Amino acid sequence: MLKHTASSILAVIAAATTLLFAPAIDAKTLTATATLKADQPGPQISRYIYGQFSEHLGRGIYDGIWVGEDSAIPNVRGIRTDVVTALKDIHVPVIRWPGGCFADEYHWRDGIGPRKDRPSRKNNWWGGSPESNAFGTHEFMDFAEQIGADPYVSVNVGSSNPTEMREWIEYMTSPGDDTLAQERRKNGRDKPFKVPVIGIGNESWGCGGAMTPEYYSNEYRRFQEFFHKNSDNNAIRVASGANAFDTKWTEVLMKNIGNRMDAISLHYYTLPTGNWDKKGAATGFSQQDWANTFDQTLRMEDLLQKHIAVMDAADPQKKIGLYVDEWGTWYDVEAGTNPGHLYQLNTLRDGVLAAANFNIFHHHADRVRLTAIAQTINVLQAMILTQGDKIALTPTYYAYKMYVPFQDATALPFDVTAPTYTIGDKTLPAFNASAAKGKDGKTYIGISNMDPNDSLVLTVDIGDLKAKTVTGQVMTADKMDAANPIGGKAVVAPVAYKGGKIKGNQLTLDVPAKSVVVVSLD
Ligand code: AHR
């Protein structure tokens, strides 16, 4: 019995070692086919699908964005220049702030006026850390303007009242001579701020007030009455949406709020284990962990289908948008960091996973018109990690960069037959993909090869599309958990793609294992 147990343990260790360090010797080349229907244009892929979320959480705002005017780190009016330059490069279209859970405890008056007079608060949701309020409305708007993004402001519903919301909106948007507009001018901003998107509460089923959908619907209606959607404030009104698969929440809001909202949000995080107590590591993971993570993230497709079905029943004309305004990977925090600061590293897995989600969002572009990854800097699935004056642009950042041509492009039907791969108890599609006609007139195809071992030859029937050349970019690495060092040279970044050929109406693409490929056909 003892001998049997020992040999079983050895077998498990051997299997685990194989999964963790499996060399490419077992690698195969899978084949797949696809059909591109360039003559059947679909909906526009809103650029807002490439949105960001930045909360007062950990080092997301302080260190990540705000270093203060007196910092030795190069900055413009306190906002770090390296971060602004990097974010401008990925054309961030919209940025959500100040939370998250933080939003429902935030009082906007704490963050205006001379910084020396602003109160210090306790950030109760995120480690009880001190909140200096140095970064408030004007600093956020300055940041959004510096990176060229539209602001998406989330207002406090859970611990506030409609008056506070109305006054904040008037402060930001009134062009008149009223006292709130005058106060904004006194604080340095003459013209109204542009505020095209406003969220009315966040996770109102949880940290935003632990409400039932019926109770929240009533609260929303009350706040909405004082929102005054008019020529000064013409913002898209976003209702606080469901937690993952809670379609009842969506159903009740569609019925009880209906056209008083312009969009409803949805939050879904990818945890490798699906277990909040032990989510899984950001680095040093096995192939089984890789497969589990993709299994979890691909649930986004089913999730969207379910919520969209509920919305379609109540709103067949698709007037109300579905905004996935929090999504991304959520791992166990890095050892030695504050558990309340949600700091995690970011690897090739995150980049491939981001692209897989983009492809899913593109397929639902007629309803999904905004998403915001959590979160921009130093928190969860970040674009940028900082350490003092040094930064790393993560594989997720580069996935966003590769997909820029999809912003405001026209979706094209792209039907694929994907082979599968199996690791342990998980069998998953080897890749997903999407296509669009870009604003520059070129046709783009984005591919996420989620198979950690096998490359792919994808043969695409491009129909009547008259294209002669295929160029593009590819991002991959030797290791599944390859990451870019902070302050060092990026090892996971896109390089020129040379694996495509067009002959007549047939396009052939060689796609490496665990990679992101974006090609343009011209
Ligand atoms: O992104 C971190 C947190 O996740 C947000 O504050 C909250 O909305 C969600 O639960």
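We now turn to the structure provided with this report.

### What about the pairing of strand β27 (residues 515-521)?
Burial of β27 is extensive: seven of the seven residues sit out of reach of the surface. The alternating pattern of β27 places Ser515, Val517, Val519 and Leu521 and Val516, Val518 and Ser520 on opposite faces, both of which are buried. As paired strands, strand β21 (residues 443-449) and β27 are joined by seven bridges and run antiparallel to one another. What sits directly across from Ser448, in β27, is Val516. Note that strand β23 (residues 470-475) and β27 share six bridges and pair antiparallel. Pairing of Met475 across the sheet is with Val516, part of β27.

### Considerations on the environment of Lys186
Looking at where Lys186 falls in the secondary structure, it is placed in helix α5 (residues 179-186). For Lys186, a relative accessible area of 68% translates into the label exposed. Between the C-alpha atoms of Lys186 and Gly113, which are 73 residues apart in sequence, the distance is 8.4 Å.

### Details of the packing of helix α4 (residues 162-173) against α5
Interaxial distance between α4 and α5 falls to 8 Å at its minimum, and their mutual angle equals 55°. Of the possible angle classes, the one that applies to α4 and α5 is oblique. For the element pair α4 and α5, the recorded crossing hand is right-handed. Taking contact as the criterion, the partners of Glu167, Glu170, Tyr171, Met172 and Thr173 in α4 are, on α5, Leu180, Glu183 and Arg184. Considered class by class, the residues forming the contact of α4 with α5 number three nonpolar, one polar and four charged.

### Let's talk about the pairing of strand β11 (residues 263-270)
Of all eight residues making up β11, eight are buried, and the element is well covered by its neighbours. Of the two faces of β11, the one lined by Ala263, Ser265, His267 and Tyr269 and the one lined by Ile264, Leu266, Tyr268 and Thr270 are each fully buried. Judged from the four bridges that link them, strand β10 (residues 236-243) and β11 form a sheet pairing that is parallel. Bridging from a neighbouring strand, Ala242 pairs with Leu266 of β11. In this fold, the crossover linking β10 to β11 by way of helix α7 (residues 247-256) has right-handed handedness. As paired elements, β11 and strand β12 (residues 321-329) share seven bridges and run parallel to each other. In the sheet register, Ile264 faces β12, and the bridge partner there is Leu322.

So, how was this worked out
Residues numbered from 1 in each chain as written. Predicted model: local features only at pLDDT ≥ 70, side-chain atom pairs only at ≥ 80, totals over all residues. Heavy atoms only, no water. Buried < 20%, exposed > 50% of the residue type's maximum accessible area, 1.4 Å probe, protein only. Helix = DSSP H or I, 4+ residues; strand = E, 2+ residues; numbered from the N terminus. Pairing = 2+ DSSP bridges. Axes fitted to C-alpha atoms, helices over the stretch in contact; angles between N-to-C directions. Parallel < 35°, antiparallel > 145°, perpendicular 65-115°, else oblique. Left-handed = near helix turned anticlockwise from the far one by under 90°. Contact = heavy atoms within 4.5 Å. Nonpolar A, V, L, I, M, F, W, Y, C, P; charged D, E, K, R; others polar. Right-handed = clockwise from strand over helix to strand, strands pointing away.

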